[in-house]
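# Structural description and commentary
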Amino acid sequence: MKRKIIALALCVALMALCAAVAEKAGTKVYRLGTSVYTVEIPESYVEGELTEEDIADDQVAYMQSPDSLLDFDVYQFSKEGCQEKLADYAAAEAEEYNTTEIVTDGNVNGIDAAWYRATETYEGVDYTTLTYVLEDGDQYVEIAFWLDGENADQEAQAIINTLTFVTR
């Protein structure tokens, strides 16, 4: 009888573990540059090519999805020469774009964040973007979602809602 209870308990534990793994299936953890931050993204996302101009603009990654209309850029750069406070930096950054929303004192999963929604032009086409700005010590990290599709905003929110810290 005792063995049956132990076997049953092990089966229940194994089923719970399988369910947890299945729930995460289809996603992968993606680190934002070399920062302390990660997000979970669909497994279908692949890294796109960066131009010399992108790299000169402190872009460290371009992630694209072949099966959705949401891409995102990751930027990481020193605070040197920028406003030191996250809110001040984000407000100044947002002023450079045609913003429709700005939050300078936000929080995502316990992480201080600022974000703004803007219109940016790429190859003569206007796109709505949603850019999140984070601090990582003496650096800023930005993740800019290019919202080009019916469910793109929801996909971007789902990704940013997985934001977390990693240990180095």
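Before going into details, it helps to say that this report is about the structure given with it.

Attention now moves to helix α3 (residues 86-95). The set of residues buried in α3 consists of Leu86, Tyr89, Ala90, Glu93 and Ala94. Here the buried residues of α3 occupy an arc of 130° about the axis, which is enough to place them on one side. Contact partners of the buried residues in α3: β5 (70-78), β6 (98-108), β7 (111-122), β8 (125-136) and β9 (139-147).

Even without being a glycine, aspartate 58 presents a positive backbone phi close to 70°. Within the secondary structure, aspartate 58 sits in the loop between α2 (52-56) and β4 (59-64). Given the relative accessible area of 35%, aspartate 58 is considered partly exposed. The backbone phi angle of glutamate 123 is positive, close to 50°, even though this residue is not glycine. Along the polypeptide, glutamate 123 turns up in the loop between β7 and β8.

Hydrogen bonding along the main chain pairs the strands of a sheet, whether they run parallel or antiparallel. The sheet built from 3 strands is open, its strands ordered β1-β2-β10 with antiparallel pairing. The outermost strands of the open sheet, each flanked by one partner alone, are β1 (27-31) and β10 (164-165).

Time to look at the nonpolar core. Ranked by size, the top nonpolar core spans 29 residues in total, and within it Tyr30, Leu32, Phe72 and Phe145 carry the most contacts. Elements supplying a minimum of two residues to this core: β2 (37-42), β4, β5, β6, β7, β8, β9 and α4 (152-160). When residues no more than four places from it in sequence are discounted, the contact partners of tyrosine 30 are Tyr37, Thr38, Val39, Ile41, Ala61, Met63, Phe72 and Val74. Counting residues in each nonpolar core, the second largest holds 12 residues, with Ala90, Ala114, Ala118 and Val133 among its members.

The rules we used
Residues numbered from 1 in each chain as written. Predicted model: local features only at pLDDT ≥ 70, side-chain atom pairs only at ≥ 80, totals over all residues. Heavy atoms only, no water. Buried < 20%, exposed > 50% of the residue type's maximum accessible area, 1.4 Å probe, protein only. Helix = DSSP H or I, 4+ residues; strand = E, 2+ residues; numbered from the N terminus. Arc of directions from axis to C-beta. Contact = heavy atoms within 4.5 Å. Pairing = 2+ DSSP bridges. Core = buried A, V, L, I, M, F, W, Y, C linked by side-chain atoms within 4.5 Å.

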